[in-house]
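Here is how the chains run, residue by residue.
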Amino acid sequence: MTEEQDLIKACLKGDSKALESFYDRYAPVLLSTCMRYVPVRVDAEDLLQEALIKIMSNLRNFDFRGKGSIEAWMKRIIVNLSLNFLRNKASKNIFIYVENEALLDLNDTKETDFEATDLSLDEIHRLIGELPIGYRTVLNLYVFEKYSHLEIATMLGCSEGNSKSQLLRARALLKKQIKELRTQKEALPVYGS
Amino acid sequence: MEAKDPLDQLLDGAMQGHSITPSATSKNEHLDAMRNAIMIANKKHYYKRLGLTLFSIAAAITALLLFLTNEGEFLKKETSSSSVNKEITIEKKSSDLPKTDPLKSTNLNLSIEDRSNSSKTKNLNNLMTNHPLLHHDTPVNKGNLSDDEINLDDEMLDFAQGKLRPNDILSLTGTDSHNKNLASITFPPLNLEKRKTHLNLLTGARKEDTVNKVAPKGFFHNKPFKGLSIAVEYSPEYIFNGNQEADQLIHSGGLTFEYKRKGYSIRTGLSLSVTGDIMRESIDYKSYLGTTKILDSVQFEWDADHRKLTPVFYYTDQRIFEDQISTAVLKTKMRYTYLQIPIVLGYDFISKKEYSLGFRTGALCQILLKSEQISTDYSVENDLIINMSQVTPDRLKLHWEALGGINLGIRLSDRFKLELEPQVRYYFNSVYEKSDGIDKPWSLSLRTAITYKLSH
């Protein structure tokens, strides 16, 4: 029996320590996932609570399929809750186009000079959170959750073309923001060197 | 497949394992929510399991009762009840046949339905069709028997002439020697509930079986109640390793049903169990110091006689409390009532006329029905309560116990029996929802019961 399975078993018994350990282990990852969709921390924490209740209620029925399966299962739950939240909040259509989108270079997809070390994870996370709701949702579902455009279109109730277009715009806007952030960083004086 | 964008690769790679720690306040709220959710889920699970277990047990007991009360004779019963198509086969063995044996009855009116010209067959057919117990269109099938091979003895003729009792005849069996084919007469339904007689046409031998005995009068003498007994029971139980503040003595009483066969028994029923406990609550309060009057307003009224303004003061009573917060532990005496459902299997290794001795083992399910507050040792009437927190956890709504014991049955009369059953019980979980520091208890109990046997 793996460590994860032991933890699940202890949680099912209602063991307080096990629940806390479970929380410490998975809640930060779930909150990060949630905040990629819903950047407002208060809303994200509420959604996290909702997700945790749902997870605990269904933990007994969870079919353990190896290491990481529980995290994947929990991420699916929180992503679905986040999407529901966005749908309710947007009430009509989550796809909004940014005002100055004409300025975006939509063909700038060949650029390969991104390096993970350039920006901190928190900065990337923040930049994703700052994307318009539609761009952000499609980008998250496509890049992180690995859904196809057809699946995204079904989930969000839009056309496949719309999903592709949102992704293209999201990438372009994100690149633009990353460039701007780099420029700002470079402009800052470096002390102590 | 769309080529992966470098930005996608960057994001996917960089964001793997990214985490944001929830705030401390949220963490506490989330943990509480998780605890509640798991508790509710566990309760649902237990109730579901309980329901399924009870249903399975009920189904198993019903099936067992049905099977055992019919003594495993479903097939036989079916045979006897298949009187809708009784078959008479005429045995013929040429070597055994008394060749000169004539058909004795010649003075009957013949109604020929058989295609054969055999007078014997016609006679037989006629005898059967004219039998008072049979339908008149009963066909005769003589199979491959030749005319000479048909032999009817006195018994057969007796039957045909209606001399036998109504329930005597069921079957006449045999084979023909040449082709081993059966010659048969098929009868429509007969009322054959009491006895059946097999007549051998060759030898005239008559074999009689008892099919059904006449049931004695009385509702409980019916077969479904055979081996079944009902008991009124009382069990004092002394519990160990529980909360030391709780009552260690538990009283339970109820009604149980037991089915016993060949020394083996299964027992179930319903009983109520009553136990007491002390519920402790921690209270933060401000002590009551007294009441003072606070001036609300002053109204001046003109006194025309004395030509002056008279003040009228309006006060409000205000309770004054100590500034410092004190903490007290409130002890409340509680009474809990549980519904107990036992499932107990047993075997009597000694079973004599005067007494029986055996062992019993099984499980007991306890469902919390009611919790009542009996008394409290602290008055909160005057003090100002700031905060209350429960120290003693709530009791579980459902818990299971395993039990085992030795059963001594002392026969008081044909039907009444006194049972004494010392038992050891082990609780599978604590009786409290939060079992921190409280072990799974075990207990000793003495089941005393008066048993009434529903059927001899």
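Residues numbered from 1 in each chain as written. Chains lettered and ligands numbered in written order. Predicted model: local features only at pLDDT ≥ 70, side-chain atom pairs only at ≥ 80, totals over all residues.

What chain B contains, in helices and strands, is 5 helices and 17 strands. Across the 456 residues in chain B, those meeting the buried criterion constitute 23%. In chain B, of all internal contacts separated by at least 6 residues, the share reaching a separation of at least 24 is 71%. (Helix = DSSP H or I, 4+ residues; strand = E, 2+ residues; numbered from the N terminus. Buried ≥ 20, exposed ≤ 12 C-beta atoms within 10 Å, placed from the backbone. Contact = placed C-beta atoms within 7 Å.)

A separate point is the overall build of chain A. Across its full length, chain A carries 8 helices and 0 strands. Secondary structure elements of chain A occur, N-terminal to C-terminal, as α-α-α-α-α-α-α-α. Here the contacts in chain A between residues at least 6 apart in sequence split such that 69% fall between residues at least 24 apart.

Bringing the nonpolar core into the picture now. Leu30(A), Leu31(A), Cys34(A), Leu47(A), Leu48(A), Ala51(A) and Ile78(A) are the most contacted members of the largest nonpolar core, which has 28 residues in total. Counting only elements with at least two residues in this core, the list comes to helix H2 (16-37), helix H3 (41-58) and helix H4 (69-90) of chain A together with helix H2 (24-69) of chain B. Per-element tally for this core: the top contributor is H2(A), with 9 residues. Ile78(A) has contacts with Leu30(A), Thr33(A), Cys34(A), Leu47(A), Leu48(A) and Ala51(A), leaving out every residue within four places of it along the chain. One finds Val138(A), Leu139(A), Val143(A) and Leu7(B) within the second-largest nonpolar core, a separate group that totals 21 residues. (Core = buried A, V, L, I, M, F, W, Y, C linked by C-beta atoms within 7 Å.)

All names here are of chain A. In contact at an axis separation of 10 Å, helix H6 (residues 133-144) and helix H7 (residues 149-156) are set at 135° when each is read in the N-to-C sense. The orientation of H6 with respect to H7, classified from their angle, is oblique. The handedness of the crossing between H6 and H7 is right-handed. Residues Thr-137, Val-138, Leu-141 and Tyr-142 of H6 pack against Ile-152, Met-155 and Leu-156 of H7. Across the contact of H6 with H7, the residue classes tally to 6 nonpolar, 1 polar and no charged. (Axes fitted to C-alpha atoms, helices over the stretch in contact; angles between N-to-C directions. Parallel < 35°, antiparallel > 145°, perpendicular 65-115°, else oblique. Left-handed = near helix turned anticlockwise from the far one by under 90°. Nonpolar A, V, L, I, M, F, W, Y, C, P; charged D, E, K, R; others polar.)

Across the boundary between the two partners, chain B contributes 30 residues, which contact 33 residues of chain A. Listing elements by their share of the side of chain B that touches chain A, those giving two or more residues are helix H1 (6-15) and H2 of chain B. With 15 residues, the top contributor of residues to the side of chain B that touches chain A is H2(B). Grouping the constituent residues of the side of chain B that touches chain A by class yields 16 nonpolar, 8 polar and 6 charged.

Looking now at H6(A). Because each turn of an α-helix spans 3.6 residues, side chains separated by three or four positions end up pointing in the same direction. Residues and elements named next belong to chain A. With 12 residues, H6 should reach 16 Å at 1.5 Å per residue; the first-to-last C-alpha distance of 16 Å fits that figure. When H6 is considered as a whole, its buried residues turn out to be Gly-134, Tyr-135, Arg-136, Thr-137, Val-138, Leu-139, Asn-140, Leu-141, Tyr-142, Val-143 and Phe-144. Residue Lys-146 follows H6 closely and has a positive phi angle near 60°. (Expected span 1.5 Å × (residues − 1).)

Another point: the pairing of strand S17 (residues 442-453) of chain B. All names here are of chain B. In S17, alternate side chains face the same way, and those of Ser-443, Ser-445, Arg-447, Ala-449, Thr-451 and Lys-453 are buried while those of Trp-442, Leu-444, Leu-446, Thr-448, Ile-450 and Tyr-452 on the opposite face are not. As paired elements, strand S7 (residues 228-240) and S17 share 10 bridges and run antiparallel to each other. In the strand pairing of S17, Tyr-234 is matched with Thr-448. Bridge count between strand S16 (residues 416-427) and S17: 11 bridges; the pairing is antiparallel. Across the sheet, residue Gln-423 finds its bridge partner in S17, namely Ser-445. (Pairing = 2+ DSSP bridges.)

Residue and element names in this part refer to chain B. Positive phi values are uncommon outside glycine, yet Lys-262 reaches one of about 50°. Examined against the element boundaries, Lys-262 turns out to sit in the loop between strand S8 (249-261) and strand S9 (264-286). Even without glycine at this site, Arg-307 takes up a positive phi of about 55°. Structurally, Arg-307 can be placed in the loop between strand S10 (288-303) and strand S11 (308-321). Note on Arg-307: 7 C-beta atoms within 10 Å, which makes it exposed.

What follows concerns the environment of Glu160(A). Mapped onto the elements, Glu160(A) comes out in helix H8 (residues 160-187). Sequence-distant contacts of Glu160(A), defined by excluding residues within four places in its chain, comprise His149(A), Leu150(A) and Ala153(A).

All names here are of chain A. When we look at burial in H7, the residues that qualify are His-149, Ile-152 and Leu-156. Down the axis, H7 shows its buried residues gathered within 60° of arc, on one side only. Lining the buried residues of H7 we find H6 and H8. (Arc of directions from axis to C-beta.)

It is worth spelling out the pairing of S16(B) at this point. Regular strands show a simple pattern: their side chains alternate between the two faces of the sheet. In the sheet, strand S15 (residues 398-411) of chain B pairs with S16(B) via 9 bridges, with the strands oriented antiparallel. Within the sheet, the bridge partner assigned to Ala402(B) lies in S16(B) and is Tyr426(B).

What follows concerns the confidence of the model for chain B. Residue and element names in this part refer to chain B. Per-residue pLDDT for chain B has a mean of 70; in total, 59% of the residues score no lower than 70. Counted against residues more than four places away or in other chains, residues 72-118, with its pLDDT under 50, gives 83 contacts. Confidence drops under pLDDT 50 across residues 210-220; counting only partners more than four residues distant or on other chains, this segment forms 14 contacts. Reported confidences for the modelled complex are a pTM of 0.43 and an ipTM of 0.78. (pLDDT = per-residue confidence, 0-100.)

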